[in-house]
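An overview of the molecular structure
Chain by chain, the residues:
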Amino acid sequence: QQQQQQQQQTSNDDDLAELGLLKKDENIKPKPLVIGTIRMGFGHHRIAYAACSWALHSNDTNAVFGDNRTTTYFHDLLNIDSDEADLIKSTDAAYSKMSRITSNLGGCFEKLWGSFTLSGDADALRISALTAVHLRPLLKDLPLDTPLIASHSLVALTAVAAGFTNVINLVIDNHAQWFCVVPGCLNLVQGPANYQNFLKMGVPIEQLQLAGHWIPRDVVINIPQDCQRRIDRLVDSNNYKPRRILIPVGGAGAQRKFICQFVQAMKPLLAEQQVQLFLNAGDHAHMKTAFEEILQNDLGLAEGQYGTITTIEGVHAFCENLLSGGEPHQAVTLFSFQSDYFPAVATTDLLIRVSDVLACKPSELAFYPVPKLMIRRVGDHEQFSALRAAELNDGTLEAREIDDCTAYMKLFCAAGNCNDDQHLLKQMNTSIMANHHNGVYDGCKNAIRAALKRST
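Attention here is on the structure that accompanies the text. Note that the structure is a prediction, hence the values are computed from the model and not measured.

This next bit is on the overall build of the chain. Helices and strands together make up the secondary structure of the chain, namely 19 helices and 12 strands. Pairs at least 24 apart in sequence give 66% of the contacts found in the chain among residues at least 6 apart. Here the chain has roughly 20,200 Å² of accessible surface; of this, 51% comes from carbon and sulfur atoms.

If you want it as structure tokens, here you go:
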């Protein structure tokens, strides 16, 4: 069987050589690189997609990654029909349900759930590690020296338990908890506060590294022109440009009540043509219905008076129009994808480039290089991500009440001019460009570089 595989690889290399894509005398074979994730909410998949976007360019960016030819594999542990995957699914279902219930109920229920999300101590790590032992079959038959980048700590724990020797864990959030790190691998963090706290907690320095934020390649490499385009729209004194506000729903489908109230609060700004709304309901049917009810009953928009996009092709066309200087056909555009997971996640990443403000809870999107309105959190661990955004000046402090959100919106919608360096949106875009120059958003690029370097 090995001989047949070698013959097949030789045949493949011959085909590539004939096409001019491989020089036979280089005698270089592609190295496998696995991006491992778990479809729990949108966040972990979003981070995995970001890592893949850099890995897929590792063959044509030698100045960044060195002379490495790689084949990238996206491995979602839930895609394997198995008892092990069902164990993960049941855990995620319970977590998502509690997030939805507590965020909508608020009060003491939200406070209790918030304290739970801060309880990822050493015992939580031990429980996760014991669970990971049972998940090892999901990585069966992969060579143990394969570089594996994990966007979920449970994937990294499983890989370490299975004996993998080159595992990189992309640590989420900006709040140091034992639950988020994995012994026996390289843990990459997004910010210096997390790095310092993990060192203080006792994580070995050789297993910890400050990398930067987990951001897709297309978003990162276009930061200068995207920020400048936002500033140009802001300072056009002859023609006020409505602020484009992107409002996505998270993977758990939580915050329905708060997000709906926020959209309702945009009615005066819509009437005055000060904002355009991009509503991403994702693959949540209940959020699509909720948005439609608000648009029709509260904002007075009949069906056809707001845009509706339901395919990833439609999303690309929408973005291309705006990138080329066009405007949306309607002031409000609703994006929804019935039972289609990939575009539900990818749409937000695509729309970020053409949005002036991203209004979202301080989840993984809190680290994105776009001006952000950080709305009410789901889980107390997220508050520290909002602080990270505010300190980098690419986002606001957490706006926990609708009045706080509308106060920030008034600041965003204030008229600007070319000499007004104090305008909040101009400040944020200027800060994003400075952060980009300093490598703040290069986390995924650095993760791929580290994985390939460790594999040589």
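Structurally, Thr348 can be placed in helix α15 (residues 341-352). A polar atom in the side chain of Thr348 sits 2.9 Å from the side chain of Asn280.

Turning our eyes to something else, we now look at the packing of aromatic side chains. Counted according to the given criterion, the structure contains five aromatic pairs. Residues Phe42 and Tyr341 carry aromatic rings whose centres are separated by 5.5 Å and whose planes lie at 75° to one another, so their mutual orientation is edge-to-face. With Phe42 in the loop between β1 (31-37) and α2 (43-55) and Tyr341 in helix α15, this residue pair connects regions lying 299 residues apart in the sequence. Relative to Phe342, the ring of Tyr49 lies with its centre 5.3 Å away and its plane at 80°, an arrangement referred to as edge-to-face. In this pair, Tyr49 sits in helix α2 while Phe342 sits in helix α15, placing the two residues 293 residues apart along the sequence. Given the relative accessible area of 43%, Phe342 is considered partly exposed. Ring pairs connect the aromatic residues Tyr49, Phe74 and Phe342, which therefore count as one cluster. Over the face of the ring belonging to Tyr341 we find Arg39, whose NZ or CZ atom lies 5.6 Å from the ring centre. Cation over ring: Arg217 sits above Trp54, and NZ or CZ is 6.0 Å from the ring centre.

Let's shift gears to helix α18 (residues 424-437). Along its 14 residues, α18 runs 20 Å from first to last C-alpha, staying within 8% of the 20 Å computed at 1.5 Å per residue. Lining the buried residues of α18 we find α10 (223-234), β7 (243-248), β11 (357-360), β12 (372-374), α16 (383-392) and α17 (402-413). With its phi angle positive at about 80°, Gly439 sits one or two positions after the end of α18.

Turning next to unusual backbone geometry. A positive phi angle, near 80°, is found at Asp141, a position not held by glycine. Examined against the element boundaries, Asp141 turns out to sit in the loop between α6 (122-134) and β3 (148-150). Unusually for a residue other than glycine, Asn393 sits at a positive phi of about 60°. One can find Asn393 in the loop between α16 and α17.

Summed over all chains, the structure comprises 18 salt bridges. Residues Asp380 and Arg377 are paired through a salt bridge, measuring 3.1 Å at the closest nitrogen-oxygen approach. For Asp421, the salt bridge identified is with Lys426, shortest N-O distance 3.0 Å. Judged by its relative accessible area of 47%, Asp421 is partly exposed.

Okay, the sheet that holds β7 next. Across the sheet, six strands lie side by side as β9-β10-β8-β7-β11-β12; this open sheet has parallel pairing. Both outer strands of the open sheet, β9 (307-309) and β12, are each paired with one neighbouring strand and no more. Neighbour to neighbour, the strand axes of the sheet diverge by 20° on average, direction disregarded. When β11 meets β12, the two strands line up parallel, connected through three bridges. By the bridge assignment, Ala359 is partnered in β12 with Leu373.

This part is about the pairing of strand β5 (residues 186-189). Neither face of β5 is left uncovered, since the one carrying Leu186 and Leu188 and the one carrying Asn187 and Val189 both have all their residues buried. Pairing between strand β4 (residues 167-170) and β5: three bridges, direction parallel. The partner of Asn169 across the bridge, within β5, is Asn187. Examined bridge by bridge, β5 and strand β6 (residues 208-210) share three bridges and lie parallel to one another. Within β6, the residue paired with Asn187 across the bridge is Leu208. Crossover β5 to β6 through helix α8 (residues 192-201) is right-handed.

In this structure, Ile149 and Leu170 are the most contacted members of the largest nonpolar core, which totals 60 residues. Not counting chain neighbours up to four residues away, the residues in contact with Ile149 comprise Leu33, Val34, Ile35, Gly36, Ile168, Leu170, Ala447, Ile448 and Ala451. Of all hydrophobic cores here, the second largest spans 41 residues; its members include Phe291, Leu299, Ala399 and Leu424.

Two cysteines whose sulfur atoms are joined by a covalent bond form what is called a disulfide. With the rule as written, the count across this model stands at zero disulfides. Cys52 takes part in no disulfide bond, and the closest cysteine sulfur, belonging to Cys444, lies 9.3 Å away. Its relative accessible area of 10% is what places Cys52 among the buried residues.

A few words on the side chain of His75. Positionally, His75 belongs in strand β2 (residues 70-76). The contact partners of His75, leaving out residues within four places of it in the chain, are Val34, Ile35, Gly36, Thr37, Ile80, Leu138 and Leu139.

Take the sheet that holds β5 next. Reading across the sheet, the six strands line up as β2-β1-β3-β4-β5-β6 and stay open at both edges, with parallel pairing between neighbours. The open sheet terminates on both sides in strands that have one partner only, identified here as β2 and β6. Shown here is a sheet whose adjacent strand axes are inclined to one another by a mean of 20°, direction ignored. Along the sheet, α2 makes contact with β1, β2 and β4, crossing β2 at roughly 170°. α8 contacts β5 and β6 of the sheet and is inclined by roughly 160° relative to β6.

How each quantity is defined
Residues numbered from 1 in each chain as written. Predicted model: local features only at pLDDT ≥ 70, side-chain atom pairs only at ≥ 80, totals over all residues. Heavy atoms only, no water. Helix = DSSP H or I, 4+ residues; strand = E, 2+ residues; numbered from the N terminus. Contact = heavy atoms within 4.5 Å. Areas by Shrake-Rupley, 256 points an atom, 1.4 Å probe, with all protein chains shown as cover. Polar contact = N/O pair within 3.5 Å; in protein donor to acceptor, adjacent residues only side chain to side chain. Phe/Tyr/Trp six-rings, centres within 6.5 Å; stacked < 30°, edge-to-face > 60°. Buried < 20%, exposed > 50% of the residue type's maximum accessible area, 1.4 Å probe, protein only. Lys NZ or Arg CZ within 6 Å of the ring centre and 35° of its normal. Expected span 1.5 Å × (residues − 1). Salt bridge = Lys/Arg side-chain N within 4 Å of Asp/Glu carboxyl O. Pairing = 2+ DSSP bridges. Axes fitted to C-alpha atoms, helices over the stretch in contact; angles between N-to-C directions. Right-handed = clockwise from strand over helix to strand, strands pointing away. Core = buried A, V, L, I, M, F, W, Y, C linked by side-chain atoms within 4.5 Å. Disulfide = S-S within 2.5 Å.

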